[in-house]
Protein chains: 2
Amino acid sequence: MKSSAIGIDVGGTTVKIGLFHTENGAIIDKWEIPTRRENGGEKILPDIAASIKEKMKEYSVEPDEVEGAGVGVPGAVLKSTIVNRCVNLGWGVVNVGEELSGLLYGVPVKVGNDANVAALGEMWKGGGMGFTNLVMVTLGTGVGGGIILDGKIIEGTFGAAGEIGHIMVNPHETEVCNCGKRGCLEQYASATGIARLARKKLAETDIPSILRNIENPTAKDIFDAAKDGDGLAKDLVEQLGRILGRALSFVSSVVDPEVFVIGGGVSKAGDILIDVIEKYYRQDAFHASRETKFALATLGNDAGIYGAVKMIL
Amino acid sequence: MKSSAIGIDVGGTTVKIGLFHTENGAIIDKWEIPTRRENGGEKILPDIAASIKEKMKEYSVEPDEVEGAGVGVPGAVLKSTIVNRCVNLGWGVVNVGEELSGLLYGVPVKVGNDANVAALGEMWKGGGMGFTNLVMVTLGTGVGGGIILDGKIIEGTFGAAGEIGHIMVNPHETEVCNCGKRGCLEQYASATGIARLARKKLAETDIPSILRNIENPTAKDIFDAAKDGDGLAKDLVEQLGRILGRALSFVSSVVDPEVFVIGGGVSKAGDILIDVIEKYYRQDAFHASRETKFALATLGNDAGIYGAVKMIL
């Protein structure tokens, strides 16, 4: 194995990049560059390559010392290289593996969906350490999922494995999800979904709540209020647990993982979140899978670069 | 590779056994023996071994010409060898792989859950030929499922991967499923579940139907009536499609397979069943996975022995 490797996490606003020691997976340096999405995102890969080459010079890393680069992108990925439409980056169908390799001394490049890659990162160095069969659930602006079986990312036929945010949990929903369907998990369990449910409950009832003193309460406000004993906020947390616990029981009936790792901004709520998901999960899960473990993600925004580099190690 | 291999499908009433050519997977002979469940099923494995030894003599197959034996059992299996309680056979925790190998000249033995093993059989020689990522759904007395990714069975942490019959599809159900939960897919989409819904609908409404002339209509009666244009029966088939299509959309959000292979007694209804499942699946699936294929299983009761032998080839 060569001495260095690169992990890249491409987001809609910034690209996070890490230079790693291959031997122990330690970070030599990590940094960010802006994501230039103009003109169909044509600058993104050249920008990444230029930035990495500069760092390699800074650390005197020669091209033949680089094992390869892993890339996480916010879209569906096929065959660990082709990105099939990436709205957030302006990309259509792009062979990211081939293009970036060409720009980067021909080193091997592997590409994965960002939620899947984060799951791999958490398995390797985060909340899922010690496990090889895990499902990561990212509760952020949306709800993402990553399925790892036997230490490897499950990509899916259409790159859509782990898209658990779009499991349909409420056939009676009237509002439309970003994906065009109605009643997706994401509409209830994302940060925006939790805030939406709070607005609804505040408007539809007269229940007193400290949330009424806050203009547009966020998911964080709701968890803080619940921790302070606010009844309405506690009800909202229970509702979230019921919906999410049930959806994860579906996931267990398919892949029966060792552990669910819960990450994303909403997971900063901590144990209160894990506890309520677990409670409802155990009610709905098939008896054999009732003892599935739950853990919080620990790598935060670095999960992507860790997972990306792990793909090529 | 040695010249012969053995596939075994252990059911609650009979054990199906096949002797195969390893070269092309052709069956040399297949036969059945009764399953003796008395005394905690202690006779089952010795009976199987004795029967195989007899056939080996008949076909002059020497022990050193046998590549191994694969076994499908109606229960959860861990590490391809340990059966963790098998109510239908009277078994507790049994290391089937080790015990049967000991009884059978020490040939390698691999064990799998019967629904998973049938899925592997259909992939190899049946309705899933040409695919390596498939989900098989068995609609019989219960609803079973088998997940195959990259040509391999997904077993799950607790041997419960693919237990899609126990996905909770109706939180308002009052009757109890065999598993102890309420509202499982199996309560609606198994042969018994379909008949149950028909009884309910016949009792609760006055809608005229040819099913009223049949005492305790079966799933087959209902599909036959629907094919003949019976309105109530057609409604029941639509209801089945809606429930099953939605549940399979959940499965796609987890593993995003290439194809769903539908088997079991209910699947004898044929295209009418596939069509109605597909229709509702496409409504509920995440956009990327809407083009998943659907196929009927073709191996019938032989899926188990084919899949069992495939495990060791």
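The structure presented is a predicted model; accordingly, all values stated were derived computationally and were not measured. (Residues numbered from 1 in each chain as written. Chains lettered and ligands numbered in written order. Predicted model: local features only at pLDDT ≥ 70, side-chain atom pairs only at ≥ 80, totals over all residues. Heavy atoms only, no water.)

A few words now on the nonpolar core. For soluble globular proteins, nonpolar side chains are generally found buried alongside one another. Among the nonpolar cores identified, the biggest contains 98 residues, and Leu248 of chain A together with Leu248 and Ile262 of chain B are the most heavily contacted of them. Excluding residues within four positions of it along the chain, isoleucine 262 of chain B makes contact with Val137, Leu139, Leu248, Ser267, Leu273, Ile274, Ile277, Phe294, Ala295, Leu296 and Ala297 of chain B. (Core = buried A, V, L, I, M, F, W, Y, C linked by side-chain atoms within 4.5 Å. Buried < 20%, exposed > 50% of the residue type's maximum accessible area, 1.4 Å probe, protein only. Contact = heavy atoms within 4.5 Å.)

Right, let's get into the interface of chain B and chain A. Taken together, the 40 residues of chain B in the interface contact 40 residues of chain A. Buried surface at the junction of chain B and chain A, both sides included, amounts to about 3000 Å², of which 65% is carbon and sulfur. The three residues of chain B that bury the most area against chain A are Phe158, Val254 and Phe286 of chain B, which together make up 21% of that side's buried surface. Here chain B and chain A share 0 salt bridges between them. At the boundary of chain B with chain A, the tally comes to 20 residue pairs in polar contact (both at pLDDT 80 or more). (Buried area = accessible area lost by both parts, 1.4 Å probe. Salt bridge = Lys/Arg side-chain N within 4 Å of Asp/Glu carboxyl O. Polar contact = N/O pair within 3.5 Å; in protein donor to acceptor, adjacent residues only side chain to side chain.)

In this section: the packing of helix H7 (residues 219–227) of chain B against helix H8 (residues 231–255) of chain B. All names here are of chain B. Contact pair H7 / H8: the axes reach a minimum separation of 8 Å and the direction vectors enclose 115 degrees. In terms of their interaxial angle, H7 and H8 are classed as roughly perpendicular. Crossing geometry of H7 relative to H8 is assigned as left-handed. For the pair H7 and H8, the contacting residues are Ile222, Phe223, Ala225 and Ala226 in the first and Ala233, Lys234, Leu236, Val237 and Leu240 in the second. Residue composition of the contact of H7 with H8, by class: 8 nonpolar, no polar and 1 charged. (Axes fitted to C-alpha atoms, helices over the stretch in contact; angles between N-to-C directions. Helix = DSSP H or I, 4+ residues; strand = E, 2+ residues; numbered from the N terminus. Parallel < 35°, antiparallel > 145°, perpendicular 65-115°, else oblique. Left-handed = near helix turned anticlockwise from the far one by under 90°. Nonpolar A, V, L, I, M, F, W, Y, C, P; charged D, E, K, R; others polar.)

Residue and element names in this part refer to chain B. The topology assignment puts threonine 81 in the loop between strand E5 (76–78) and strand E6 (82–86). At a separation of 2.6 Å, a polar atom in the side chain of threonine 81 contacts the side chain of asparagine 95. Once residues within four sequence positions are removed from consideration, threonine 81 is found in contact with Val94, Asn95, Val96, Gly97, Glu98 and Val111.

Further remarks concern the relation of the copies chain B and chain A. Rotating chain B by 180 degrees and moving it 0.0 Å along the rotation axis overlays it on chain A with an RMSD of 0.0 Å. When the rotation and shift are considered jointly, the pair of chain copies conforms to a two-fold rotation axis. The residues that chain B uses at the interface reappear at the interface of chain A in 100% of cases, marking a shared surface. (Least-squares fit on C-alpha atoms with pLDDT ≥ 70 in both.)

With that out of the way, let us pick up the pairing of strand E1 (residues 4–10) of chain A. Residue and element names in this part refer to chain A. For E1, a buried count of 7 out of 7 residues is recorded, marking the element as mostly surrounded by other parts of the structure. Judged by which residues are buried, E1 turns out to be covered on both faces: Ser4, Ile6, Ile8 and Val10 on one side and Ala5, Gly7 and Asp9 on the other are all buried. In this sheet, strand E4 (residues 66–73) lies alongside E1 in parallel orientation, the contact comprising 5 bridges. Note that in E4 the partner of serine 4 across the bridge is valine 66. (Pairing = 2+ DSSP bridges.)

Residue and element names in this part refer to chain B. Of note in the backbone geometry, asparagine 39 takes a positive phi value of approximately 50 degrees without being a glycine. Although it is not a glycine, arginine 85 adopts a positive phi angle of roughly 65 degrees. For arginine 85, the location among the structural elements is in strand E6.

Inspection of every chain in the model, using the stated rule, returns 0 disulfides over all chains. Cysteine 179 of chain A supplies the cysteine sulfur nearest to cysteine 177 of chain A, a cysteine that is in no disulfide, at a spacing of 3.9 Å. Cysteine 184 of chain B forms no disulfide, and the closest cysteine sulfur to it belongs to cysteine 179 of chain B, at a distance of 3.6 Å. (Disulfide = S-S within 2.5 Å.)

Our next topic: the sheet that holds strand E7 (residues 91–95) of chain B. All names here are of chain B. The 3 strands are arranged E5-E6-E7 in an open sheet whose pairing can be described as antiparallel. The sheet terminates laterally at E5 and E7, the two strands that pair on one side only. Neighbour-to-neighbour, the strand axes of the sheet open up by a mean angle of 15 degrees, direction not taken into account. Looking at chain direction, E5 and E6 are connected through 3 bridges and run antiparallel. Paired with valine 77 across the strands is valine 83, a residue of E6. Here helix H3 (residues 96–103) sits on the sheet in contact with E6 and E7, set at roughly 65 degrees to E7.

A few words now on the packing of aromatic side chains. Enumeration over the complete set of coordinates arrives at 11 aromatic pairs over all chains. Ring geometry for tyrosine 281 of chain A against phenylalanine 294 of chain A: centres 5.1 Å apart, planes inclined by 70 degrees, an arrangement best described as edge-to-face. Of the two residues, tyrosine 281 of chain A is situated in helix H9 (residues 271–284) and phenylalanine 294 of chain A in strand E13 (residues 293–296); the sequence distance between them amounts to 13 residues. The pair tyrosine 281 of chain A / phenylalanine 294 of chain A is uniform in exposure class, with both members buried. An aromatic cluster is built from Phe20, Trp124 and Tyr306 of chain A, whose rings are joined through pairwise contacts. Over the face of the ring belonging to tryptophan 124 of chain A we find lysine 125 of chain A, whose NZ or CZ atom lies 4.9 Å from the ring centre. In this arrangement the basic side chain of arginine 196 of chain B is found over the ring face of tyrosine 188 of chain B, its NZ or CZ atom lying 5.2 Å from the centre. (Phe/Tyr/Trp six-rings, centres within 6.5 Å; stacked < 30°, edge-to-face > 60°. Lys NZ or Arg CZ within 6 Å of the ring centre and 35° of its normal.)

With that settled, the discussion passes to helix H6 (residues 191–204) of chain B. All names here are of chain B. Taking 1.5 Å per residue as the helical rise, H6 with its 14 residues ought to reach 20 Å, and the 20 Å between its terminal C-alpha atoms agrees with that figure. Restricting attention to buried positions, one finds in H6 the residues Gly193, Ile194, Ala195, Arg196, Leu197, Ala198 and Leu202. On its buried face, H6 sits against helix H5 (186–189), H7 and H8. (Expected span 1.5 Å × (residues − 1).)

Here we take up the environment of lysine 293 of chain A. Residues and elements named next belong to chain A. Relative to the assigned elements, lysine 293 resides in strand E13. Residues lysine 293 and valine 261 lie 32 residues apart in sequence; the distance between their C-alpha atoms is 8.5 Å. Apart from the residues within four sequence positions on either side, lysine 293 is in contact with Phe131, Glu258, Val259 and Phe260.

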